[in-house]
Amino acid sequence: MQILPSPEESITCSGPHYDRAKEAKEFDETKAGVKGLIDSGMAKVPRLFIHPPQNLPDLSSDTEGSATDLKVPIIDMMGCQDSRLRRDVVDDLRRASETWGFFQIINHGIPVDVMDGVLEAVKQFHEQPEGVKGEWYSRDDARKFRYYSNGDLFWSKAATWKDTLLFDFSFGEPDREAVPLLFREPVFEYEKHVEKLKRSLSELLSEALGLDSGYLGDIECMDSKRIVSHYYPTCPEPELTLGTINHSDATYLTLLLQNHHGGLQVRHQDQWVDVSPVPGAILANIGDLMQLVSNDKFKSVEHRVLARKAGPRVSVACFLVPGETQMSKPYGPIKELLDEDNPPMYRETTFTEYFGFYLSSGNGLNGESVLPHFRVSEPK
Ligand code: OGA
Ligand code: NI
């Protein structure tokens, strides 16, 4: 019989006979990630990965995703160069950003073979022999490319069921030598297309806020990218762990490419809604800082990824944040959106301050939004 830790024990991460720090260190030293556990024939989720019940989905409940007909809105960018059609695209985008905070984009201009190329390369990386990929395993922030499992392994309350790759484009394209050969062509190519899509979305979102199309571009809030790819291996006991704990993103905007294995859910009308993969689509979500500058007009919404028996799920997130030279630039609610009836809801903050708080409070990584910490007026 499997004995579950009491919620108290799993929160403090130490039971009488359990040394969490030791288990985390041993796992980290394998440099083989969660995929390595599965490859070694592990049929049970190790305790390190077991979440307290309040974080876990109740897979038998109706409000946990599968039972609802709600669907994340689809935005068709075809025709957004035509002024009449563009108005419809902007309206759709405004509605989606105000209500769901998430939307699936089709006809976005990124070729399907470029998207498939990135997903395939990620899969190949993780499916190489352990010794080969282990060479890239690192927690060193200075690296432009690294492979690791659970960035917060040593301080989270419970680990999540995934392995991660990070490509740091915050200073522009990294040196080719810093990135495994397998990724040079597909990821660099993908990034160029994502840049174009970002520029179009920046204009459309500016218009959706009722501002000049160049507004969000001019304030330089999305000049930098970090591409973070998650590989979620199949999980033998999905009811005990999570792929990604519920959170909202500490970004302005996130663009997400996902393969055909679902698992992602977003919070909408007090329910968890499955984000069913739409072939060829790019998923986008409003980040906390966009909610802040839009003065609550656009919503940064909680989302999570379930661990599942089917898989592997592969996702490639592109986090859009201010560039390196604007890390200390203060951003607050956009003045053009404020008047007597619309007072500022947040104080100004910098990306460095916001992200630092997100990480250090642990809140961002433990399912609680940190945005309320920056609030100065109560929501209407
Ligand atoms: C994230 C995230 C979702 C996914 O990395 O912030 O929400 O599908 N990822 O991996
Ligand atoms: Ni996220």
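Residues numbered from 1 in each chain as written. Chains lettered and ligands numbered in written order. Predicted model: local features only at pLDDT ≥ 70, side-chain atom pairs only at ≥ 80, totals over all residues. Heavy atoms only, no water.

**Considering the UniProt feature "domain: Fe2OG dioxygenase" (unreviewed entry) in the chain**
Note the cut-off: UniProt positions are given in the numbering used here, feature names are shortened, and annotations may be inferred rather than shown by experiment. Secondary structure elements are defined from DSSP: runs of H or I of at least 4 residues count as helices, runs of E of at least 2 residues count as strands, and each element is numbered from the N terminus.
Sites flagged by UniProt as "domain: Fe2OG dioxygenase" (unreviewed entry) map to residues 221–322. Note that residues 221–322 is 6% helix and 47% strand, and that its end C-alpha atoms are spaced 4 Å apart.

**Let's talk about the state of the cysteines**
Filter applied, for reference: In plain terms, two cysteine sulfur atoms within 2.5 Å form what is called a disulfide here.
Scanning the model with the defined rule gives zero disulfides in all. The structure places no disulfide on C80, whose sulfur is separated from the nearest cysteine sulfur, that of C318, by 18 Å.

**A word on helix α2 (residues 20–30)**
Operational definition: Buried, partly exposed and exposed residues are distinguished by accessible area as a fraction of the type maximum, computed with a 1.4 Å probe on protein chains only: under 20%, between the cut-offs, and over 50%, respectively. Here, the arc refers to the directions that run from the helix axis to the C-beta atoms.
Restricting attention to buried positions, one finds in α2 the residues R20, A24, F27 and D28. The arc that holds the buried residues of α2, viewed along the axis, is 100 degrees, so those residues lie on one side. Immediately downstream of α2, the backbone of K31 shows phi near 55 degrees, a positive value.

**Looking at the confidence of the model for the chain**
To keep it simple, the criterion reads: The quantity known as pLDDT measures the predictor's confidence residue by residue, on a range of 0 to 100. Working rule for contacts: check all heavy atoms of both residues, and any pair within 4.5 Å makes them a contact.
Looking at the chain, pLDDT values average 92 and 92% of them are 70 or higher. In the model, residues 1–13 has pLDDT below 50 throughout and makes 25 contacts with residues more than four positions away in sequence or in other chains.

**Some details on the coordination of the nickel ion (ligand 2)**
What counts, and what does not: The donor set covers N, O and S atoms within 2.8 Å of the metal, switching to 3.2 Å for Na, K and Ca, and it leaves out water, so a site may look short of donors.
In the first shell of the nickel ion (ligand 2), the protein supplies H247 (NE2), D249 (OD) and H303 (NE2), at 2.1 Å from the metal. Motif for the nickel ion (ligand 2), donor spacing along one chain: H-x1-D-x53-H. You can see H247 sitting in strand β6 (residues 242–247) and its partner H303 sitting in strand β11 (residues 303–306), a full 56 residues away along the chain. Each member of the pair, H247 together with H303, is buried.

**Thoughts on the sheet that holds strand β10 (residues 282–286)**
Under the convention used in this document: At least two DSSP bridges between two strands are required for those strands to pair. Here an angle of 0 to 180 degrees is reported between the N-to-C directions of two axes, which are lines fitted to C-alpha atoms, with helices fitted over the stretch in contact.
Strand order in the open sheet made by the eight strands is β1-β2-β10-β7-β12-β5-β4-β3, with mixed pairing throughout. Single-partner strands in this sheet number two, and they are β1 (74–76) and β3 (145–148). With strand direction ignored, the average angle separating the axes of adjacent strands in the sheet is 25 degrees. Of the strands in this sheet, β1, β2 (102–106) and β10 are in contact with helix α4 (residues 83–99), which crosses β1 at around 160 degrees.

**Some points on the nonpolar core**
The criterion, for reference: Grouping buried Ala, Val, Leu, Ile, Met, Phe, Trp, Tyr and Cys residues that are joined through side-chain atoms within 4.5 Å yields what is termed a nonpolar core.
F167, F183, Y190, L255 and M290 are the most contacted members of the largest nonpolar core, which totals 76 residues. It is helix α7 (residues 181–208) that contributes the most residues to this core, 10 residues altogether. Excluding anything up to four places from it in sequence, F183 contacts A121, V122, F125, F145, L165, F167 and F188. Counting 15 residues, the second largest nonpolar core, distinct from the first, contains V34, L37, L48 and F49.

**Quick look at the pairing of strand β8 (residues 264–268)**
Counting buried positions along β8 yields four of five residues, so the element is predominantly enclosed. Relative to β11, β8 runs antiparallel, the two being bridged by three bridges. Looking across to β11, one finds that Q265 is bridged to R304. Pairing of β8 with strand β9 (residues 271–274), which is carried by four bridges, proceeds in the antiparallel orientation. Within the sheet, the bridge partner assigned to R267 lies in β9 and is W272. Where β8 folds back onto β9 in an antiparallel hairpin, the turn is made up of two residues, including Q269, whose phi is positive at roughly 50 degrees.

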